[in-house]
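The primary structure of each chain is shown beneath.
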Amino acid sequence: MYDVENIRADFPVLKDNIYLDNAATTQTPVQAVRAMEDYFFKYAANHGRGAHHLARQTTDRFEDARETIADLLNCPAENTIFTKNATEGLNLIAQGIDWQEGDHIITTLMEHHSDLLPWMELRERGVEITIVEPDNEGHVSVGTLEQYIRPSTRLVAITHISNSFGSIQDVNGICKLTRDHGSLCLIDGSQSAGHMPVNLKQMDCDFFVTPGHKGLLGPQGTGVAYIKEPESIKPLNVGGGAVRSVTTTSYELEETPARFEAGTPNIPGGIGLGRAVKYVQEIGASDIEKHERQLAKNAAYKLAQIEGVDVYGPQDRGAVVPFNVRGLNPHDVAMILDETRQICLRSGYHCAMPGIDFMKLEGTVRASFALYNTEEEVDALVETVEQITTLA
């Protein structure tokens with residue numbers, strides 16, 4: 001049985017706040033914070049750079065975290081690269097592919113800026129980009145994408161769950177489509193990893209990126225990039241820790257993942273992320289998904305019943321519910337929710353301006369849910385929004 005009250009005890013900030021800004025960042029459980037504390041107080045040293053026992057323990061804990069994350073995503077640990085966030089992972093891939101003039105990329109209008117700008121920047125290198133519009137609920141079908149694939153299409157990059165619509169894409173079908181056409185496929189899992197089961201072996205994508213600080217419950221400044229064929233990607237950075245040998249005329253890089261992790265990594269962050277992912281595993285991603293999606297479905301339905309409130313996105317959604325109160329600016333609504341009931345949620349463009357513009361809006365209020373949210377918090381949101389409509 002899903003025991004949300006027991007889960008909430010591991011997130012002390014929830015005692016005094018209704019936190020519904022999980023698409024931006026989730027709270028981190030005390031177990032993960034204590035794991036980072038143990039690093040600093042019990043065995044802190046550098047990773048992979050010493051024979052003494054503290055360095056060995058640090059390296060073991062850091063690599064154990066990598067194994068835990070790879071196990072959650074069902075992918076090889078050696079293909080699982082630590083990054084500082086999803087944005088760095090996306091830029092690593094965008095800059096690491098050996099693009100040729102005339103190569104073609106397909107992405108969508110609903111992408112987070114971090115899965116849009118790195119591809120747009122490649123236009124300066126002669127790469128062509130097609131940005132596909134979603135339907136009114138934020139879906140881009142396999143059939144729609146196939147219409148835009150051409151012989152020169154090198155990559156299709158798409159979000160798994162839209163942070164502006166809450167829509168869930170058919171990533172398995174999209175990955176199969178790209179394989180059938182000899183193209184690469186990148187999935188932005190920023191709103192899916194930890195929120196639902198993610199099986200990269202089954203998905204068979206070429207690239208998958210996710211931050212650590214969202215559904216994986218880890219600290220900010222952490223993230224993961226999965227690369228199916230690492231030898232096809234040039235590292236974004238080179239330096240200490242990434243090289244096997246160096247002379248004054250040449251150098252030889254280490255094998256993956258070390259070749260992509262030059263310099264001292266965020267060791268406490270990686271260890272904390274590993275413990276947070278273990279926490280997700282202990283509860284179960286399937287149970288988390290069921291809980292979050294039920295909350296989102298109920299919130300969307302109840303908000304839509306309020307006269308003067310518009311709710312966006314599909315009925316069958318992820319844990320994201322964007323809405324507006326007619327006649328009021330989204331930021332004003334968010335501020336009132338915060339000041340009257342300590343309800344914390346996001347307002348504005350959500351780093352997805354083209355998608356919000358496509359909806360012909362100047363921003364939305366976005367409630368987004370995590371494993372620790374409750375039906376009582378949904379009701380508090382709905383009741384307060386209903387009161388706010390009287391101000392419009």
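Note that the structure is predicted; figures quoted are calculated from it, not measured. (Residues numbered from 1 in each chain as written. Predicted model: local features only at pLDDT ≥ 70, side-chain atom pairs only at ≥ 80, totals over all residues. Heavy atoms only, no water.)

Asks: I keep staring at helix α4 (residues 86–96) and nothing clicks. Help me out?
Replies: Regarding α4, the residues found buried are A86, G89, L90, L92, I93, A94 and G96. Against β2 (80–83), α5 (117–120), β6 (184–188), β7 (207–211) and β8 (223–227) lie the buried residues of α4. Measuring from the backbone nitrogen of T87 back to the side-chain oxygen at the start of α4 gives 3.3 Å, which picks out N85 as the cap. (Buried < 20%, exposed > 50% of the residue type's maximum accessible area, 1.4 Å probe, protein only. Helix = DSSP H or I, 4+ residues; strand = E, 2+ residues; numbered from the N terminus. Contact = heavy atoms within 4.5 Å. Polar contact = N/O pair within 3.5 Å; in protein donor to acceptor, adjacent residues only side chain to side chain.)

Asks: Help me understand the sheet that holds β2 in this model?
Replies: Either a parallel or an antiparallel arrangement is found when strands of a sheet pair, and the pairing is made through backbone hydrogen bonds. Here 7 strands make up an open sheet; going across it, the order is β2-β8-β7-β6-β5-β3-β4 and the pairing mixed. Among the strands making up the open sheet, the edge pair consists of β2 and β4 (128–132). Across the sheet, the mean angle separating the axes of adjacent strands is 15 degrees when strand polarity is ignored. Pairing of β7 with β8, which is carried by 5 bridges, proceeds in the antiparallel orientation. Opposite F207, over in β8, you have I227 as the bridge partner. Each of β2, β7 and β8 touches helix α3 (residues 53–73); the most contacted strand, β2, lies at about 115 degrees to it. (Pairing = 2+ DSSP bridges. Axes fitted to C-alpha atoms, helices over the stretch in contact; angles between N-to-C directions.)

Asks: Which parts of the structure should I look at to understand the packing of aromatic side chains?
Replies: Two descriptors summarise a pair of aromatic rings, namely the distance from one centre to the other and the angle between the planes of the rings. Scanning the entire structure with this criterion turns up 5 aromatic pairs. Centre to centre, the rings of F11 and Y372 are 4.7 Å apart; their planes meet at 55 degrees, and the pair counts as tilted. A residue pair is termed long-range when its members are at least 10 positions apart, and F11 in the loop between α1 (4–8) and β1 (18–19) and Y372 in the loop between β15 (364–368) and α13 (375–388) qualify at 361 residues. Y372 shares its class with F11; the two are buried. Aromatic side chains F62 and F82 sit 4.6 Å apart centroid to centroid with 40 degrees between the ring planes, which places their arrangement in the tilted category. With F62 in helix α3 and F82 in strand β2, this pair connects stretches of sequence that are 20 residues apart. (Phe/Tyr/Trp six-rings, centres within 6.5 Å; stacked < 30°, edge-to-face > 60°.)

Asks: Could you clarify how one ought to interpret the environment of G318 in this entry?
Replies: When you line up the elements, G318 lands in the loop between β11 (309–311) and β12 (320–325). A sequence separation of 44 residues divides G318 from G274, and the C-alpha atoms of the two residues are 24 Å apart. When near neighbours in sequence (up to four residues on either side) are disregarded, G318 contacts I161, G166, I168, R293 and A296.

Asks: Sorry if this is basic, but what is going on with the sheet that holds β15 here?
Replies: On the basis of which strands lie adjacent, the open sheet formed by 4 strands has the order β11-β12-β15-β14 and antiparallel pairing. In the strand order of this sheet, the two ends are held by β11 and β14 (346–348), each with one partner. Taking each pair of neighbouring strands and ignoring which way they run, the sheet shows an average axis angle of 30 degrees. Here β11 pairs with β12 via 3 bridges, running antiparallel. The partner of V309 across the bridge, within β12, is V325. Most of the contacts of helix α10 (residues 285–304) go to β12, to which it runs at about 15 degrees, and overall it touches β11 and β12.

Asks: Looking at this model, I keep getting lost on unusual backbone geometry. Mind explaining?
Replies: Trans is the common state for peptide bonds, and a negative phi is the common state for residues other than glycine. Of the consecutive residues T256 and P257, the connecting peptide bond is found in the cis state with omega at 10 degrees. On the secondary structure map, P257 appears in the loop between β10 (251–253) and α9 (267–283). Unusually for a residue other than glycine, H350 sits at a positive phi of about 60 degrees. A positive phi is found at K360, a non-glycine position, where the angle reads about 60 degrees. Note on placement: K360 falls in the loop between α12 (353–358) and β15.

Asks: Help me understand the side chain of T384, please; the structure alone is not making it clear to me.
Replies: In this fold, T384 is placed in helix α13. On the basis of relative accessible area, T384 is assigned to the buried category, the value being 2%. Here A380 takes part through its backbone oxygen, which lies 2.7 Å from a polar atom of the side chain of T384.

Asks: I would appreciate a short explanation of the pairing of strand β5 (residues 153–159) in the present structure.
Replies: Consecutive side chains of a regular strand alternate in pointing toward one face of the sheet and then the other. Counting buried residues along β5, 6 of its 7 residues qualify, which places the element largely inside the surrounding structure. Pairing analysis gives 3 bridges linking strand β3 (residues 104–108) to β5, with the strands arranged parallel. Paired with H104 across the strands is T153, a residue of β5. Both β5 and β6 contribute to a ladder of 5 bridges, which runs parallel. The residue bridging V156 from the neighbouring strand is C185, located in β6. In this region the chain leaves β5, passes through helix α7 (residues 171–180) and returns to the parallel neighbour β6; the handedness of that crossover is right-handed. (Right-handed = clockwise from strand over helix to strand, strands pointing away.)

Asks: Before we go on, may I ask you to explain the domain arrangement of the protein in this structure?
Replies: Many analyses report the size of an interface as the accessible area lost when the parts associate. On domain assignment, one finds that the protein holds domain 1 (4–21 + 284–391) and domain 2 (31–282). One C-alpha centre belongs to domain 1, the other to domain 2; they are set 28 Å apart. Across the boundary between the two partners, domain 1 contributes 29 residues, which contact 30 residues of domain 2. Taking both partners together, domain 1 and domain 2 bury about 2400 Å²; carbon and sulfur atoms supply 62% of that area. Together, P314, C351 and F358 form the three largest contributors to the area buried by domain 1 at its contact with domain 2, with a combined 23%. Scanning the region where domain 1 abuts domain 2 turns up 13 residue pairs in polar contact (both at pLDDT 80 or more). Counting residues per element, the ones that place at least two in the side of domain 1 that touches domain 2 are α10, β12 and α12. If you tally residues by element for the side of domain 1 that touches domain 2, the top one is α10, at 6 residues. Here the residues of the side of domain 1 that touches domain 2 sort into 17 nonpolar, 6 polar and 6 charged. (Domains from an automatic or database assignment. Buried area = accessible area lost by both parts, 1.4 Å probe. Nonpolar A, V, L, I, M, F, W, Y, C, P; charged D, E, K, R; others polar.)

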